[in-house]
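Secondary and tertiary structure notes
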Amino acid sequence: MEVIQVQEWLSRTNEDLQEQKDYLTSLDRAIGDGDHGINMARGFKEVTKSLEGKDFTEVSDVLKAAATTVMSKVGGASGPLYGTALLKMSMACKGKQVDYKTLIEMVEAGLEGIKQRGKAETGEKTMVDVWTPVLSGMKEVDHFDGERIKHVAEEAKDNTESMQATKGRAAYLKERSKGHLDPGAVSSYFLFKNLALVMEEA
Ligand SMILES: Nc1ncnc2c1ncn2[C@@H]1O[C@H](COP(=O)(O)OP(=O)(O)O)[C@@H](O)[C@H]1O
Ligand SMILES: [Mg+2]
């Protein structure tokens, strides 16, 4: 993975988030406070703007810049969570060529960051329920397989529908949180879908 691909990854994710802003917000309206689409669209628009036309020497620097913007612009619970994930990913590849092994370490570090920050484990109906299977799916093979990652992420976000939330705002709804997709799981699906896209084009 090269600098240009990370920029492309974040910018394509932004395009999805702008298009899916109302969808994400409607998901969050069902089991949260209805701001997830707004939070993500605002934050990633700023990320794309802040990366435009800039020269970065390594992948780590792009992710660090994105992390800072996400933390300050996304807001809600997801801002610090995605900000932490990007920052940990940046730290995991500092000074390195990002080969497949490193990319796995980055996703692992990102997931650990989310779990620590959110005190969440799998099965709690959060973005963790997408990151965890994606990481496992990556570890099972020795090269980046975009179709596989996209498929795993998609299935994982769909699986959050039947879960009962025990973290985040949706947890207040207890049983009634079942039957809805988790908004953060869906935005994480967009992240990995676009990672797959960008890596496949390389
Ligand atoms: N403690 C947590 N750990 C992991 N993810 C969480 C946690 N709390 C919330 N989330 C994720 O954040 C999403 C909600 O984001 P958002 O609506 O932007 O923030 P808020 O809940 O503050 O309104 C949830 O759908 C879930 O995926
Ligand atoms: Mg919300």
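Before reading further, recall that the structure is shown in the block above.
Residues numbered from 1 in each chain as written. Chains lettered and ligands numbered in written order. Predicted model: local features only at pLDDT ≥ 70, side-chain atom pairs only at ≥ 80, totals over all residues. Heavy atoms only, no water.

Overview of the coordination of the magnesium ion (ligand 2)
To be explicit about the condition: For Na, K and Ca the donor cut-off is 3.2 Å, and for all other metals it is 2.8 Å, counting N, O and S atoms only; because water is absent from this set, sites may look incomplete.
Note on the magnesium ion (ligand 2): its protein donors are Asp28 (OD), Asp33 (OD) and Asp35 (OD). The metal-donor distances range over 2.0 to 2.2 Å. The sequence pattern formed by the donor residues of the magnesium ion (ligand 2) is D-x4-D-x1-D.

What to know about the site of ligand 1
Stated formally: Residues are classed as near a molecule or strand on a simple rule: at least one heavy atom within 4 Å of it. In protein, a polar contact requires one atom able to donate a hydrogen and another able to accept it; more generally it is a pair of N or O atoms within 3.5 Å, and residues adjacent in sequence count only if both atoms are side-chain atoms. Note on areas: Shrake-Rupley, 1.4 Å probe, and residue coverage restricted to the protein chains presented here. The definitions used throughout rest on a 1 Å grid laid over the protein atoms alone, on which a cavity is an enclosed set of points accommodating a 1.4 Å probe that cannot get out and a pocket is an open set flanked by protein within 12 Å on both sides along at least five of seven lines; lining residues are those having an atom within 4 Å of a point. Any molecule with more than half of its atoms within 2 Å of a cavity's or pocket's grid points is regarded as sitting in that cavity or pocket. The helix count covers DSSP runs of H or I at least four residues long, the strand count covers runs of E at least two residues long, and both are numbered beginning at the N terminus. Under this grouping Gly is polar, as are all residues other than the nonpolar Ala, Val, Leu, Ile, Met, Phe, Trp, Tyr, Cys and Pro and the charged Asp, Glu, Lys and Arg.
As a matter of local geometry, ligand 1 sits amid 20 residues, with Asn39, Ala77, Ser78, Gly118 and Asp182 nearest to it. Contact distances for ligand 1 include 2.9 Å between an oxygen atom and a side-chain N or O atom of Asp33. In the model, an oxygen atom of ligand 1 is placed 2.9 Å from a nitrogen or oxygen of the His36 side chain. Considering ligand 1 on its own, with 570 Å² of exposed area, one finds that the protein chains cover 92% of that surface. Placement of ligand 1 is best described as lying within the largest pocket. Looking at the shell around ligand 1, the elements with two or more residues in it are α3 (36–51), α5 (78–92) and α9 (183–201). No other element matches the three residues that α9 contributes to the shell around ligand 1. Grouping the amino acids of the shell around ligand 1 by side-chain chemistry returns six nonpolar, eight polar and six charged.

A look at the pattern of salt bridges
Side-chain pairs of opposite charge can arise whenever the charged atoms involved come near each other. This is how the line gets drawn: Counted as salt bridges are all cases of a side-chain nitrogen of Lys or Arg within 4 Å of a carboxyl oxygen of Asp or Glu. Per-residue accessibility, obtained with a 1.4 Å probe over protein chains only, is compared with the maximum for each type, and a residue is labelled buried under 20%, exposed over 50%, and partly exposed between these values.
Taken as a whole and judged by the stated rule, the model has 15 salt bridges. We note a salt bridge from Lys96 to Glu105, for which the minimum N-O separation is 3.5 Å. With relative accessibility at 41%, the residue Lys96 sits in the partly exposed group. In this structure, the salt-bridge partner of Arg148 is Glu140, at a minimum N-O distance of 2.5 Å.

Topic: helix α4 (residues 59–73)
Put simply, the rule reads: What a helix is expected to span follows from its residue count: subtract one and scale by 1.5 Å. The contact criterion used is simple: two residues touch if any of their non-hydrogen atoms lie within 4.5 Å.
Counted at 1.5 Å a residue, the expected span for α4 with its 15 residues is 21 Å, and the 21 Å between its end C-alpha atoms agrees. Turning to α4, its buried residues number three or more, namely Val59, Ser60, Val62, Leu63, Ala66, Ala67, Thr69 and Val70. Buried residues along α4 sit in contact with α1 (3–19), α3, α5 and α6 (100–118). Downstream of α4 by one or two residues, Gly75 has phi in the positive range, about 75°.

Overview of the packing of aromatic side chains
As a reminder of what qualifies: Any two rings among Phe, Tyr and Trp, with Trp reduced to its six-membered ring, count as a pair given centres within 6.5 Å; such a pair is stacked if its planes are under 30 degrees apart, edge-to-face if over 60, and tilted if neither.
One pass over the structure, following the stated rule, counts three aromatic pairs. Seen from their ring centres, Tyr100 and Phe144 are 6.2 Å apart, and the 85° between their planes marks the pair as edge-to-face. Highlighted residues: Tyr100 in helix α6 and Phe144 in the loop between α7 (128–139) and α8 (146–159), separated in sequence by 44 residues.

What about the layout of surface pockets?
Quick reminder of the rule: Grid points are joined across faces, edges and corners, and a volume is the space filled by probe spheres set on the points.
Of the voids in this model, the largest pocket is the one considered here, and its volume is about 470 Å³. Considering the residues around the largest pocket, the lining is formed by 25 residues, among which Ala77, Ser78, Gly168, Arg169 and Asp182 are closest to the centre. Residue assignment for the lining of the largest pocket shows that the elements contributing at least two residues are α2 (21–31), α3, α5, α6 and α9. In terms of residue class, the lining of the largest pocket is built from nine nonpolar, nine polar and seven charged.

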